[in-house]
Amino acid sequence: MNEILLRRKHKVIVHAGSETLPEDAYIAAVMKNAEAFGYIFSRELFETLQTLDREALQAFYLELIPLIKNLAGADKVYHMMYPDFPRSVMEETKARLYLNAYVHYWSNGTLYPRGTKSERLPFFEETKLTVLGLGSEDDLKDIFYHLCQSKTSISQTDKEDLAWIFRHMKVTFPEEIYLKENAALIGSLYLENNPLASSKELQRFCRTAVDVLRLMTAMSDGDISLAANAKFRSFRRRERRMLLELLENCQNLEEDMLRHKNRWIRAGERIHPSEYSAKQFGKAIAAFDKLRNGIKIETFAGNVAKAAKAGDFKAVLALLKKRPGELARKLDYLFRSTDDKQSVLHAWSDAAGEVSVPVLLQVKEHFAHRADEADRPAVRVFFPKGSLAKCYCMENNLPEIGKPYCEEAVKICTDALVRYFSSREFLGRVYLSEEFRHYAVPFSQRSAGKALKTIARGSKLPLQEKAKAIRGFIWWTNMDDSGKESSRADLDLSAVIFDENWNYMEHVSYTNLRSDQYQACHSGDIVNGGPAGGDGVSEFLDADIDSVVNYGARYLVYQVYSYTGQKFSEMPHAMFGWMSRQDVQSGEIFEPKAVEQKMDLASHSTVCIPVIFDCVSREIIWCDMSLSINRSHAGCGGNNVESNLSGVTAVCYSMANMKKPNLYDLIQLHIRARGQRTDSREEADIIFDTDEGITPFDTEIFMAEYL
């Protein structure tokens, strides 16, 4: 419970005792030790701890410290090549650095350069402390219901938390589950805990054949986004009957099954529809028969294509109005396809009220930048569905459709959103921070990694005001404890700098441990992660922010490469993070209080681009992106900066320039529809700020209550 609460809400559950601790020194010691890892206690938590006896306080401490250490990555041993980093790397000759690296390589990563760690100045930097509050089981239930009622896809971490709460706490089905993937996950968890459940209890969540397919996939531990093929397990006879009952009650059964024809053919081999009579499941049996025998099935998309081919634009619009979501996704295409753009606007005006909030927001943002050449993105960015944190970009060469039509499309979206939000509960007086403009709406968290702070991709966070340098770090182990060459894992931390037009300027990596042009250096290339059950190894990379700007560069891009070719998702331990530092020589090389972000590397790829630093505007652009490569293109140099530069540049350019709806505009629409804005936190009934009230990191709240 406390692991989930601490990570998501900065709270812990502590049950009050009946005593008053005789000496404040015990609580002071607990608080001081927690402060070393970046946490300070709330008054409510402090007062509860005062009621505990010494034994209960000790138990609380022994649970808390490992949890907060794990969050910041302070539970790891940071073993690096040069323990006196960065001084030892900056002062050593390039020839000696080169020879040291080769001795390390020749020894298969077991020999390290001789060196001692010199005395370092104390860590005197001011860091922002996180307030640790008192939580309750109700907080966990709130997390559960927010995740269940999310309007957009949730991350793997969200799914794991949701499943844990479902299995270990008394929670009930919410009245409404909006996202089909969540419905499938909850349905499979429900069946896991209620093996005698009937189809009637699941029918409200399984209205289409795709819903049933997701449920089967969830029951088989597959990808419920359906982006990847799943291997269906063998279902018990009771389960097979239940699945066929669900299919029998679906509308547009044949058309929906055709969308995933091959999967349904494989699914049919597991649920055996032919074992039942046509009287029982006639509709489902007929659909399976048509799929297996290639009998033509008329579809909605086919009818739209037929009308378009015949040049009957009115028929196209009439069909699409029956499915408003499809109309929304084809709106730009429809504007480009006819001179009668007014009819498109009329159709959109009639259908917009039936379109989901996430789609309306994205359509609104698209047309807000569609006609303005000065504001128009040079590229179009696409995020594929599924578990891979990838994006694709292409030149934005769409033909013009006229500014008045774009403005009217935006107005229709805005009016529909305000009408939709006005039907919800009144918010009262609302304080909204201007900082929310920099945070993207969390539309899709499906491939988001497990991190210290949950942030939507494309969000731009301010760098700490006093930060002078960025210290990135990675930590990992080998694949297993066998000691065989095949188990060896070699990760590499790199940083590339680009100018404002994304022209490459220089990089620091294992091939170039320190820069001659700007102040940056690498702690040394380690090629063996050590046993999976051991302490692991690490690499650090420092970059001075002002020196990047003075060199004429703007963007500093950190990257992690799997040189030995294992995907991060296959590795037992791998993580990345960064610290903001005012003095790189003060304190320890790894200081938990200075950690700004830490994330597990778990994507199905061999290249990760976690973050971009805009050193001119002093902003952090959160990426959490992956890049897959063709090993044949890596050349003899392996998987590194040099062999991936063009792909990295394209992904980073896309992330830095794409237009996404932000949280400020979303909450402003809610205020317009059902609230009253105030500039006073004290007068506000609800606060939206970066460190008080609802923060941009409370993604499950935005996905459930404000989308």
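Preceding this paragraph is the structure being described.
Model, not experiment: these values are computed from the prediction.

Q: Explanation requested: the overall build of the chain in the structure shown.
A: Assigned secondary structure in the chain consists of 25 helices and 19 strands. In terms of overall dimensions, the chain is globule-like: its C-alpha atoms have a radius of gyration of 28 Å, near the 27 Å expected for 707 residues. Projecting the C-alpha coordinates of the chain onto the three principal axes gives extents of approximately 80 × 65 × 60 Å. Across the 707 residues that make up the chain, the buried fraction comes to 54%. Of the contacts formed within the chain by residues at least 6 apart in sequence, a portion of 75% connects residues at least 24 apart. For the chain, the computed accessible surface area is about 32100 Å², with 48% contributed by carbon and sulfur atoms. For the chain, the centre of its 89 positive side-chain charges and the centre of its 98 negative side-chain charges are spaced 8 Å apart.

Q: Can you walk me through the sheet that holds strand 15 (residues 595–600) in this structure?
A: The strands making up a sheet are joined through hydrogen bonds of the backbone, oriented either antiparallel or parallel. The sheet built from five strands is open, its strands ordered 11-12-8-14-15 with antiparallel pairing. Looking at which strands have only one partner, the edges of the open sheet turn out to be strand 11 (520–522) and strand 15. When strand polarity is set aside, the average angle formed by the axes of neighbouring strands in this sheet is 10°. Examined bridge by bridge, strand 14 (residues 574–581) and strand 15 share five bridges and lie antiparallel to one another.

Q: I keep staring at helix 20 (residues 357–368) and nothing clicks. Help me out?
A: Each turn of an α-helix holds 3.6 residues, which means side chains three or four residues apart point in the same direction. The end-to-end C-alpha separation of helix 20 is 16 Å, in line with the 16 Å expected for 12 residues at 1.5 Å each. Burial of helix 20 is extensive: nine of the 12 residues sit out of reach of the surface. Within helix 20 the residues assigned to the buried category are Val357, Pro358, Val359, Leu360, Leu361, Val363, Lys364, Glu365 and Phe367. For helix 20, the secondary structure elements touched by its buried residues are helix 17 (324–329), helix 18 (331–337), helix 19 (341–351), helix 21 (403–422) and helix 24 (663–674).

Q: What is the right way to look at empty space enclosed by the protein in this model?
A: Over the atoms, a rolling probe the size of a water molecule traces out where space has been left empty. On inspection of all chains with the given rule, the structure shows two cavities of 30 Å³ or more. Approximately 50 Å³ is the volume found for the largest cavity. If you trace the largest cavity, you find it lined by Leu361, Lys364, Glu365, Pro661, Asn662, Asp665, Leu666 and Leu669. Those elements giving two or more residues to the lining of the largest cavity turn out to be helix 20 and helix 24. Looking at the lining of the largest cavity residue by residue, the classes come out as four nonpolar, one polar and three charged. Taken together, Ile177, Tyr178, Leu179, Lys180, Ala183, Arg204, Phe205 and Arg207 form the lining of the second largest cavity. In terms of residue class, the lining of the second largest cavity is made up of five nonpolar, no polar and three charged.

Q: Could you clarify how one ought to interpret the nonpolar core in this entry?
A: The nonpolar side chains of a soluble globular protein tend to be buried, and buried together. Grouped together as the largest cluster of nonpolar side chains are 198 residues, with contacts concentrated most on Trp264, Trp348 and Tyr558. Ignoring any residue separated from it by four or fewer positions in sequence, one finds Trp264 in contact with Ala209, Val212, Leu213, Met216, Leu247, Asp256, Met257, Phe288 and Leu291. Core analysis: the next-biggest nonpolar cluster, separate from the first, contains 20 residues, Val557, Ile612, Ile621 and Cys652 among them.

Thresholds applied
- Residues numbered from 1 in each chain as written.
- Predicted model: local features only at pLDDT ≥ 70, side-chain atom pairs only at ≥ 80, totals over all residues.
- Heavy atoms only, no water.
- Helix = DSSP H or I, 4+ residues; strand = E, 2+ residues; numbered from the N terminus.
- Rg over C-alpha atoms; globule rule 2.2 N^0.38 Å.
- Buried < 20%, exposed > 50% of the residue type's maximum accessible area, 1.4 Å probe, protein only.
- Contact = heavy atoms within 4.5 Å.
- Areas by Shrake-Rupley, 256 points an atom, 1.4 Å probe, with all protein chains shown as cover.
- Lys, Arg positive; Asp, Glu negative; His and termini not counted.
- Charge placed at Lys NZ, Arg CZ, Asp CG, Glu CD.
- Pairing = 2+ DSSP bridges.
- Axes fitted to C-alpha atoms, helices over the stretch in contact; angles between N-to-C directions.
- Expected span 1.5 Å × (residues − 1).
- 1 Å grid on protein atoms, 1.4 Å probe; cavity = no way out; pocket = protein on both sides within 12 Å on 5 of 7 lines; lining within 4 Å.
- Points joined across faces, edges and corners; volume = space filled by probe spheres on them.
- Nonpolar A, V, L, I, M, F, W, Y, C, P; charged D, E, K, R; others polar.
- Core = buried A, V, L, I, M, F, W, Y, C linked by side-chain atoms within 4.5 Å.

Without other data, these values stay purely geometric and don't point to any function.
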